[in-house]
Every structure is written in C-alpha cells, then in structure tokens.
Amino acid sequence: MNRPTRRPIDRRRLLAFLPAGALAACAAPFAGPPPPRVGIIDLRPLDATMFEQRWEALLRVEEQAGTGLSVDAMTAAIEMNGREFGSGRTDRPFLLPARGERQVSVPMRGSGLGLVDQLATIGRRGELKWRIEGVFVSAGRQIPYQDEGTVFSLRDTLRDSLLPF
C-alpha cells in the first residue's frame, strides 16, 4: 500500500504568519465596548446676535456596554439637514450608570444665520434631520461617538394624514 507522504511544515511560512496571528489576537481586546448613544432632547436659545447664537443643548446619553462610565468632559457638534448648526463642550463630570441614561446640558455656539438657514432648508426639504458627533473624555482617554435621526418629515406627516388607510 502506498502511503501518502507528508510534507514537512515550512518553518519560514509558519514564522511569516505568526506575527499576523499575534496582531489579530491582540487587536480584539482593544476594540473596546460600544460608545454611549447620544440623542438630542431639546435646543434652547440663550442669546442671539447677528453673527452668533448661543444655545443650551439638552442631550440624552445612554450607556450600552453594561460597564458604566465616569465622564470627565464631553464635546458635541450638531448638524441639521447636513449643515453645521453649532458646537460646544461641557467640563462638568457625570457618572453614566451601566445600561442607564442621563440628561446632559451642553452650552453651544453657532452662526447667527444658522437658524434662518435651517428654517429655509426645512421649507424646501420638508424634513428635519439631525446628526451629532463628539468625544467623551474619561480617565484620560477619548471615546468618540456619532448618532443621527429625523425629528419630523413633512412628507410622511402629510401622507399619513391624507391617506384614509
């Protein structure tokens, strides 16, 4: 009976793949838990001039990883319908409980013509889409986040109210 001959393992190939395997194994723990989700609850005007608006953004921050998070500071930049609306930062520390949520107030500044521009865009598009991104600072590390949503769509509202079924 002829037995198939076994080929010896090529040590050079094995050594070539060893670093790649080690890097892949080490990279997984550094991916980290998912960042908290951030949604806009309210935008309250504080002051407005021709060139600048000041707002208080009330945000809902939800912890998703189940580990809790002690936040030292937070930045936020908001876009409405694809255009920059404002940005700001809060240095007030807060604790985000595991799988819990918290409301956070962030003072923001934006262009004085931003609100007028947004109202015109809503009139043309018939909807208000928002996007928020920023960074949580926790124990010296930065945790980026990004979320988006639609406040309302005039097209959907009209379609739902005009159609009888």
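Residues numbered from 1 in each chain as written. Predicted model: local features only at pLDDT ≥ 70, side-chain atom pairs only at ≥ 80, totals over all residues. Heavy atoms only, no water.

Colleague: Tell me about the packing of aromatic side chains, and please be specific about residues and values.
Modeller: For any pair of aromatic rings, geometry is given as the distance between the ring centres together with the angle between the planes. Under the definition given, this model contains two aromatic pairs. Ring centres of Phe136 and Tyr145 lie 4.9 Å apart, and the angle between their planes is 40 degrees; on these two criteria the pair is classed as tilted. Classification of Tyr145 as buried rests on a relative accessible area of 5%. (Phe/Tyr/Trp six-rings, centres within 6.5 Å; stacked < 30°, edge-to-face > 60°. Buried < 20%, exposed > 50% of the residue type's maximum accessible area, 1.4 Å probe, protein only.)

Colleague: Would you mind going over the pattern of salt bridges in detail, with residue names and values included?
Modeller: Scanning the model with the defined rule gives seven salt bridges in all. A salt bridge links Arg44 to Asp42, with the nearest nitrogen and oxygen atoms 3.1 Å apart. Exposure remark for Arg44: the relative accessible area of 36% places this residue in the partly exposed category. Look at Asp42 and you get partly exposed, because its relative accessible area is 30%. (Salt bridge = Lys/Arg side-chain N within 4 Å of Asp/Glu carboxyl O.)

Colleague: Lay out the layout of surface pockets in plain terms, naming residues and giving numbers.
Modeller: Empty space within the second largest pocket amounts to approximately 170 Å³. The wall of the second largest pocket is formed by Ile40, Ile41, Asp42, Leu43, Trp55, Met80, Phe85, Leu128, Trp130 and Val151. Listed by contribution, the elements that provide at least two residues to the lining of the second largest pocket are β1 (37-48) and β8 (127-138). Considering every element that reaches the lining of the second largest pocket, the biggest residue donor is β1, with four residues. Looking at the lining of the second largest pocket residue by residue, the class counts come to nine nonpolar, no polar and one charged. (1 Å grid on protein atoms, 1.4 Å probe; cavity = no way out; pocket = protein on both sides within 12 Å on 5 of 7 lines; lining within 4 Å. Points joined across faces, edges and corners; volume = space filled by probe spheres on them. Helix = DSSP H or I, 4+ residues; strand = E, 2+ residues; numbered from the N terminus. Nonpolar A, V, L, I, M, F, W, Y, C, P; charged D, E, K, R; others polar.)

Colleague: Can you explain the pairing of strand β7 (residues 101-111)? Please cite residues and give values.
Modeller: Inspection of the sheet shows strand β2 (residues 52-62) paired to β7 by eleven bridges, in the antiparallel sense. Bridge pairing in β7 places Leu58 opposite Ser105. Sheet topology note: the strand β5 (residues 83-90)/β7 ladder contains two bridges and is antiparallel. Bridge pairing in β7 links Gly88 to Met108. (Pairing = 2+ DSSP bridges.)

Colleague: Please give an account of the nonpolar core that cites residues and values.
Modeller: Counting residues in each nonpolar core, the largest one holds 24 residues, and the members touching the most others are Val38, Leu59, Met74, Ile78, Ile132 and Phe136. Contributions of two or more residues to this core are made by β1, β2, β3 (69-71), β4 (73-80), β6 (94-96), β7, β8 and β9 (141-153). Setting aside its immediate chain neighbours within four residues, Ile132 contacts Val38, Ile40, Leu59, Ala76, Ala77, Ile78, Tyr145, Gln146 and Asp147. (Core = buried A, V, L, I, M, F, W, Y, C linked by side-chain atoms within 4.5 Å. Contact = heavy atoms within 4.5 Å.)

Colleague: Describe the pairing of β5, and please don't skip the residues or the numbers.
Modeller: Of the pairings in the sheet, the one linking β4 to β5 comprises seven bridges and is antiparallel in character. Residue pairing across strands places Ala77 opposite Ser87, the latter belonging to β5. Between β4 and β5, which pair antiparallel one after the other, the connecting turn spans two residues, and Asn81 there sits at a positive phi close to 50 degrees.

Colleague: Describe the side chain of Ser138, naming the residues involved and giving the relevant values.
Modeller: Examined against the element boundaries, Ser138 turns out to sit in strand β8. Relative accessible area serves as the criterion here: at 4%, Ser138 is assigned to the buried category. A distance of 2.6 Å separates a polar atom in the side chain of Ser138 from the backbone oxygen of Ser70. Contacts of Ser138, omitting those with residues within four sequence positions, involve Leu69, Ser70, Asp72 and Ile143. (Polar contact = N/O pair within 3.5 Å; in protein donor to acceptor, adjacent residues only side chain to side chain.)

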